[in-house]
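Geometric and topological summary
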Amino acid sequence: MLNKLDKEFYFNKCVLNLRSYRQELLASNIANSDTPNYQPLDIDFSKALNELLKKNDKQPQFQLTLTSKKHIPITQHKKLESYEEMIAKKYIIKKDKINMDVEKVNFINNSLLYQMDIIFINNKFKNLTNVLKG
Amino acid sequence: MSLLKIFDIANSAMIAQSQKMQMHASNLANIDSLVNTNGKLHPYIAKKIILKFDNSNDVRSGGVKVEKIIDDTTPLKVIYDPNNPIANSKGFSEISNVNVVTETINAISASRNYQANLEVLNTIKSMIMKTLTIGQ
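Residues numbered from 1 in each chain as written. Chains lettered and ligands numbered in written order. Predicted model: local features only at pLDDT ≥ 70, side-chain atom pairs only at ≥ 80, totals over all residues. Heavy atoms only, no water.

To continue, consider the side chain of B:Lys20. Locating B:Lys20 in the fold gives a position in helix H1 (residues 2-29). Residue B:Lys20 is classed as buried on the basis of its relative accessible area, which comes to 15%. In this structure the side chain of B:Lys20 is engaged in a polar contact, spanning 2.9 Å, whose partner is the side chain of A:Asp34. The contacts of B:Lys20, once residues within four sequence positions are left out, are A:Asp34, B:Ile49 and B:Ala110. (Helix = DSSP H or I, 4+ residues; strand = E, 2+ residues; numbered from the N terminus. Buried < 20%, exposed > 50% of the residue type's maximum accessible area, 1.4 Å probe, protein only. Polar contact = N/O pair within 3.5 Å; in protein donor to acceptor, adjacent residues only side chain to side chain. Contact = heavy atoms within 4.5 Å.)

Structure (structure tokens):
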């Protein structure tokens, strides 16, 4: 049951994490609008999200209970690296010059999309509780 | 949680920008001042603030900090003013290199940046409040 819940909300989890990381980068861009030689950063959202979702497919769909040390698990668990490390390695876009208007619009846009995802999560919870109540 | 980090980023930017506004106000206020250095009177030299990107422990995002305060290198103007205490034997005296137009515009720009960061704070606050409603 908990495994299913986890799978159900995996997509929303990824989106929220990515959005909040992007929000951080955009806030840093706005804060440094006056700093000489500052290079504004952004993330390649769709590619980063695709990568995260692919990682989910590789994870084992079900697990066997191991009662002895000699039992062999189905697949070896690999520890997922943190989002920020993964994204920082591949999906950071560097821009040459800062444009305050673009940054502000992106910031507001990103915050609305974040709140939209939260509403989706709440709706999913409502659906689940409705089903449980019958 | 990275949303809470944004509070620090916006906070540092607001501190830096308000310090900048303070500097411009001080430049404008002291446009006619004389400064006493080593027993000699000099006209007031305009000051400038250099901002720096502040990313401690090697993360991508970061706030702002004031790196240093430097003297404006614009040359001093010389006017004919024999009554001025620092006038030379021919009656010419140097006056401060504060440029009123530049200072005013830079002060307005700093105040706009301050407002932008305040808005960032408000947006983040509403995002965090929304996050706390998950599952209610």
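Alright, that's what it looks like, and here's the rest.
With that out of the way, let us pick up helix H2 (residues 100-131) of chain B. Taking 1.5 Å per residue, 32 residues should reach 46 Å; H2(B) reaches 47 Å between its end C-alpha atoms and fits that length. Those residues of H2(B) that fall on the buried side of the exposure criterion are B:Glu103, B:Ala110, B:Asn113, B:Ala116, B:Asn117, B:Val120, B:Leu121, B:Thr123, B:Ile124, B:Met127, B:Ile128 and B:Thr131. Looking at the buried positions of H2(B), the neighbouring elements they touch are helix H1 (2-31) and helix H4 (100-133) of chain A together with H1 of chain B. The distance from a side-chain oxygen at the start of H2(B) to the backbone nitrogen of B:Val101 is 3.2 Å, and the residue carrying that oxygen is B:Asn99. (Expected span 1.5 Å × (residues − 1).)

The next thing to look at is the nonpolar core. Within the largest apolar cluster, 20 residues are counted, with the highest numbers of intra-cluster contacts made by A:Ile30, A:Phe107, A:Tyr114, B:Leu3, B:Ile6, B:Val120 and B:Ile124. At the level of secondary structure, the elements contributing two or more residues to this core comprise H1 and H4 of chain A together with H1 and H2 of chain B. Per element, the largest residue contribution to this core is six residues, and it comes from H2(B). Excluding residues within four positions of it along the chain, A:Phe107 makes contact with A:Gln23, A:Leu26, A:Ala27, A:Ile30, B:Val120, B:Thr123 and B:Ile124. Grouped together as the second largest cluster of nonpolar side chains are 15 residues, A:Tyr10, A:Tyr21, A:Leu25 and A:Leu41 included. (Core = buried A, V, L, I, M, F, W, Y, C linked by side-chain atoms within 4.5 Å.)

A separate point is the packing of H1(A) against H4(A). Residue and element names in this part refer to chain A. With their axes 9 Å apart at the nearest point, H1 and H4 run at an angle of 160 degrees to one another. As the angle between them shows, H1 and H4 are arranged roughly antiparallel. When the axes of H1 and H4 are compared, the crossing they make is left-handed. Broken down by class, the residue content of the contact of H1 with H4 amounts to 16 nonpolar, seven polar and seven charged. (Axes fitted to C-alpha atoms, helices over the stretch in contact; angles between N-to-C directions. Parallel < 35°, antiparallel > 145°, perpendicular 65-115°, else oblique. Left-handed = near helix turned anticlockwise from the far one by under 90°. Nonpolar A, V, L, I, M, F, W, Y, C, P; charged D, E, K, R; others polar.)

Tallying the contact residues gives 32 residues for chain A and 31 residues for chain B. Each partner contributes to the roughly 2,500 Å² buried at the junction of chain A and chain B, and carbon and sulfur atoms together form 62% of this total. Looking only at chain A, the three residues that lose the most surface to chain B are A:Glu24, A:Ala31 and A:Asp34, adding up to 21% of its buried area. Scanning the region where chain A abuts chain B turns up two salt bridges. In this structure, the salt-bridge partner of B:Lys5 is A:Glu24, at a minimum N-O distance of 3.6 Å. Seen at the junction of chain A and chain B, the total is nine residue pairs in polar contact (both at pLDDT 80 or more). Here the side of chain A that touches chain B takes eleven residues from H4(A), the largest share from any one element. (Buried area = accessible area lost by both parts, 1.4 Å probe. Salt bridge = Lys/Arg side-chain N within 4 Å of Asp/Glu carboxyl O.)

In this section: the environment of A:Lys7. Locating A:Lys7 in the fold gives a position in helix H1. Sequence separation between A:Lys7 and A:Ala27 is 20 residues; the distance between their C-alpha atoms is 31 Å.

Two elements in contact, H4(A) and H2(B), have axes separated by 9 Å at closest approach and are oriented at 10 degrees. As judged from the angle between their axes, H4(A) and H2(B) are roughly parallel. Along its contact with H4(A), which presents A:Met100, A:Lys104, A:Phe107, A:Ile108, A:Ser111, A:Tyr114, A:Gln115 and A:Ile118, the element H2(B) presents B:Asn113, B:Ala116, B:Val120, B:Thr123, B:Ile124, B:Ser126, B:Met127, B:Lys130 and B:Thr131. Counted by class, the contact of H4(A) with H2(B) contains nine nonpolar, six polar and two charged residues.

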